[in-house]
Amino acid sequence: MGAALPPHANSVSAQRRLFGILPVVQTCCRSEVSKDLLAEEGSVWTTRDSGPRFHILVLMSSWLLISAKASARASLVSQLAQCRTLWRLLDFSALLQALGSAGERWVFVVKKGYQDVDTSIQSSVITKLKGVAFTNTTELGERLWDVADYVIPPQGEGVFFVMTNLIVTPNQRQAMCAESPGIPDALCYQNSDCPAGEVVISGNGVKTGRCLKAGGHMSGTCEILAWCPVEKKGKPKKPLLANAENFTVYIKNSIRFPKFKFSKTNVLDTEDETYLKTCRYGPEHQYCPIFLLGDLVKWAGSNFQEMASEGGVIGIQIEWGCDLDRAASECNPHYSFSRLDNKFAEKSVSSGYNFRFAKYYKDAADVDFRTLIKAYGIRFDVMVNGKAGKFNIIPTIINVGSGLALMGAGAFFCDLVLLYLIKKSNFYRGKKYEEVRSSARKPLPETTVNGNQSDDSLSRLDQLRQLQTVET
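So, here's what we can say about the structure. Computed from a predicted model, the values in this text were never measured in an experiment.

Brief notes about the overall build of the chain
Part 1 of the argument: Within the chain, the secondary structure is distributed over 12 helices and 18 strands.
Part 2 of the argument: Residue burial in the chain is summarised as follows: out of 472 residues, 38% are buried.
Part 3 of the argument: Here the contacts in the chain between residues at least 6 apart in sequence split such that 69% fall between residues at least 24 apart.

Quick look at the structure:
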């Protein structure tokens, strides 16, 4: 009986063993040696080695022997040609085991399957803008804008708005005036079309019961009680605060992973006091937390001047991926930028981003009046997520077990193919599950009183065990 082959050998060594078997098969065919010899050798390979590739080798050897007996003149090359399907099964089996090993490497090396992971990141974002702009308009005259004028809200949070364009309606007072002609619900032909006390839908005030007509027209608009004059509808074609492209924003992000009690900020740890005053985020300063607004919009794939006219929303994504098995200095943030509103709907009625606010005053008679501002601008949303990982024995054991189970799936699959899907499955099944039956089973000899057995009893016991063995 030959020595047992090592389990799960690689495909190259398996092919070499195959070519070592084939001459034996050819010799057996030419000398008309009984097939029992090869069957006996095949049972050794099958029972002592459970690797799927060696199951295929045994079947190939047996197939070659049968075909050689049916066609004695057929050469070994033609016999190998008949086994192309089994060769492919052999390669496929090797591929399955290679994939099992590659999957285990993927889990451990790339996905760090040996680490315990914390994704419950705790984050705080503080923003601070700097920059000034100068405008000269009919409504406001010459005016200088600083951060207190164009940044909303002023305290700085994870979401902030920078005003880039505006419509100003100054000196509004509560009085009665005509509703805007652009409001459909304000259209009227007679006083009965304007019932008193009814709110104008999508309008600016409450109807007083009068229909105001101008220039002898048959139609007019309802009179309302509101802040008069009503808001203007036209806005500048170019953004008033176009210079906001050069404003800077300082984004300070502090994070903490509670499972590992690890904290970090996105500000570079340096003793240079002038660093934050001079640096700007870019390819040369990946860890500078100061950004130009124009660069943020450009990196999101948009043009700042076009976006400043109607407004929009920019997303700033800060991603933390910390390997705590390494030094804390290697845990650094990664930034990405995207436009969150629909930039392809700039001509639609819902394009852009705007809202209204007012500044209130009192005149000499202690009467309130206000300046209404419809602000267009860019809203910036700072979003933070991340995960941290650190070595832990529990996930290591779990992933090692999963990898070993995956590697064993190749043998199971190849057994299914050989037992149920090929034409010679009966032959393979007979060699895989070979049973030696004896004509008569004799009971095992009983031991003596003192627990010893005679030499004759031991010999008979060994013979019966050999006859009653079932090899799988």
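We are not done yet, so read on.
A short note on the pattern of salt bridges
Part 1 of the argument: In the structure shown here, the tally under the stated rule is 14 salt bridges.
Part 2 of the argument: Note that Lys-259 and Asp-116 form a salt bridge whose closest N and O atoms lie 3.6 Å from each other. You can see Lys-259 sitting in the loop between strand E10 (248-257) and strand E11 (262-265) and its partner Asp-116 sitting in strand E1 (residues 115-118), a full 143 residues away along the chain.
Part 3 of the argument: Judged by relative accessible area, Lys-259 falls into the partly exposed class, the value being 47%.
Part 4 of the argument: Among the salt bridges present, the one from Arg-326 reaches Asp-323, with a minimum N-O distance of 3.6 Å.

Digging into the state of the cysteines
Part 1 of the argument: Overall, the coordinates contain 5 disulfides when judged by the stated rule.
Part 2 of the argument: The disulfide that involves Cys-177 links it to Cys-228, with 2.0 Å between the sulfurs. With the S-S bond torsion at -80 degrees, the cross-link from Cys-177 to Cys-228 turns out left-handed. In this pair, Cys-177 is assigned in strand E6 (residues 159-178) and Cys-228 in strand E9 (residues 220-228), connecting sequence segments 51 residues apart. The exposure classification of Cys-177 matches that of Cys-228, with both residues buried.
Part 3 of the argument: Linked covalently through their sulfurs, Cys-188 and Cys-211 form a disulfide whose S-S length is 2.0 Å. On the sign convention where negative means left-handed, the S-S torsion of about 90 degrees between Cys-188 and Cys-211 marks this disulfide as right-handed. Taken together, the residues span a long stretch of sequence, with Cys-188 in strand E7 (residues 187-188) and Cys-211 in strand E8 (residues 206-212) at a distance of 23 residues.

Examining the packing of aromatic side chains
Part 1 of the argument: Throughout the structure, instances matching the rule amount to 15 aromatic pairs.
Part 2 of the argument: With a centroid separation of 6.1 Å and an interplanar angle of 70 degrees, the aromatic rings of Phe-291 and Phe-337 are classed as edge-to-face. Of this pair, Phe-291 sits in strand E12 (residues 290-292) while Phe-337 sits in strand E14 (residues 333-339), and the two are 46 residues apart along the sequence.
Part 3 of the argument: A residue is classified by how much of its surface remains accessible, and Phe-291, at 1% relative accessible area, is buried.
Part 4 of the argument: Look at Phe-337 and you get buried, because its relative accessible area is 17%.
Part 5 of the argument: Each ring, one from Tyr-353 and one from Phe-355, has its centre 6.4 Å from the other, and the planes form 65 degrees; the classification is edge-to-face.
Part 6 of the argument: With a relative accessible area of 25%, Tyr-353 lands in the partly exposed category.
Part 7 of the argument: A residue is classified by how much of its surface remains accessible, and Phe-355, at 23% relative accessible area, is partly exposed.
Part 8 of the argument: Connected via pairs of aromatic rings, a cluster forms that spans Tyr-281, Phe-291, Trp-299, Tyr-335 and Phe-337.
Part 9 of the argument: Sitting over the face of the ring of Trp-145, Arg-143 holds its NZ or CZ atom 4.3 Å from the ring centroid.

Looking at a nonpolar patch on the surface
Part 1 of the argument: Judged by side-chain polarity, Phe-391, Ile-393, Ile-394, Ile-397 and Ile-398 come together as a nonpolar surface patch covering roughly 530 Å² of accessible area.
Part 2 of the argument: When residues of the nonpolar patch are assigned to their parent elements, the largest contribution, 4 residues, is made by helix H10 (residues 393-420).
Part 3 of the argument: With respect to the element layout, Ile-394 can be found in helix H10.
Part 4 of the argument: What makes Ile-394 exposed here is its relative accessible area of 55%.

Here we look at the environment of Cys-222
Part 1 of the argument: Following the sequence through the fold, Cys-222 ends up in strand E9.
Part 2 of the argument: A residue is classified by how much of its surface remains accessible, and Cys-222, at 0% relative accessible area, is buried.

With respect to a positive patch on the surface
Part 1 of the argument: Together, Lys-128, Lys-130, Lys-252 and Lys-277 give the surface a local cluster of positive charge.
Part 2 of the argument: Among the structural elements, Lys-128 can be located in strand E2 (residues 122-130).

Looking at the side chain of Glu-231
Part 1 of the argument: Within the secondary structure, Glu-231 is located in the loop between E9 and E10.
Part 2 of the argument: We classify Glu-231 as buried; its relative accessible area is 8%.
Part 3 of the argument: Here the side chain of Glu-231 touches Arg-356 through a polar contact of 2.8 Å, side chain to side chain.
Part 4 of the argument: The contacts of Glu-231, once residues within four sequence positions are left out, are Thr-169, Gln-172, Arg-356, Leu-372 and Lys-374.

Description of the nonpolar core
Proteins that are soluble and globular tend to have nonpolar side chains buried together.
Part 1 of the argument: In this structure, Met-163, Leu-293 and Phe-380 are the most contacted members of the largest nonpolar core, which totals 47 residues.
Part 2 of the argument: Those elements that place two or more of their residues in this core are E2, E6, E10, helix H8 (293-299), helix H9 (304-310), strand E13 (312-323), E14 and strand E16 (368-391).
Part 3 of the argument: Those residues in contact with Phe-380 that lie beyond four places of it in its chain are Gly-158, Val-159, Phe-160, Val-162, Leu-293, Leu-296, Ile-314 and Ile-316.
Part 4 of the argument: Counting 8 residues, the second largest nonpolar core, distinct from the first, contains Ile-183, Ala-186, Ala-226 and Val-230.

A few points about the side chain of Asp-341
Part 1 of the argument: When you line up the elements, Asp-341 lands in the loop between E14 and strand E15 (354-362).
Part 2 of the argument: What makes Asp-341 buried here is its relative accessible area of 17%.
Part 3 of the argument: A distance of 3.2 Å separates a polar atom in the side chain of Asp-341 from the backbone nitrogen of Val-313.
Part 4 of the argument: A polar contact is formed between the side chain of Asp-341 and the side chain of Arg-339, at a distance of 2.8 Å.
Part 5 of the argument: Among all residues touching Asp-341, those that are not within four sequence positions of it are Met-307, Gly-311, Gly-312 and Val-313.

Thresholds applied
Residues numbered from 1 in each chain as written. Predicted model: local features only at pLDDT ≥ 70, side-chain atom pairs only at ≥ 80, totals over all residues. Heavy atoms only, no water. Helix = DSSP H or I, 4+ residues; strand = E, 2+ residues; numbered from the N terminus. Buried < 20%, exposed > 50% of the residue type's maximum accessible area, 1.4 Å probe, protein only. Contact = heavy atoms within 4.5 Å. Salt bridge = Lys/Arg side-chain N within 4 Å of Asp/Glu carboxyl O. Disulfide = S-S within 2.5 Å. Phe/Tyr/Trp six-rings, centres within 6.5 Å; stacked < 30°, edge-to-face > 60°. Lys NZ or Arg CZ within 6 Å of the ring centre and 35° of its normal. Patch = residues over 30% accessible without salt bridge, like charges linked within 9 Å, V, L, I, M, F, W, Y side chains within 5 Å. Areas by Shrake-Rupley, 256 points an atom, 1.4 Å probe, with all protein chains shown as cover. Lys, Arg positive; Asp, Glu negative; His and termini not counted. Charge placed at Lys NZ, Arg CZ, Asp CG, Glu CD. Polar contact = N/O pair within 3.5 Å; in protein donor to acceptor, adjacent residues only side chain to side chain. Core = buried A, V, L, I, M, F, W, Y, C linked by side-chain atoms within 4.5 Å.

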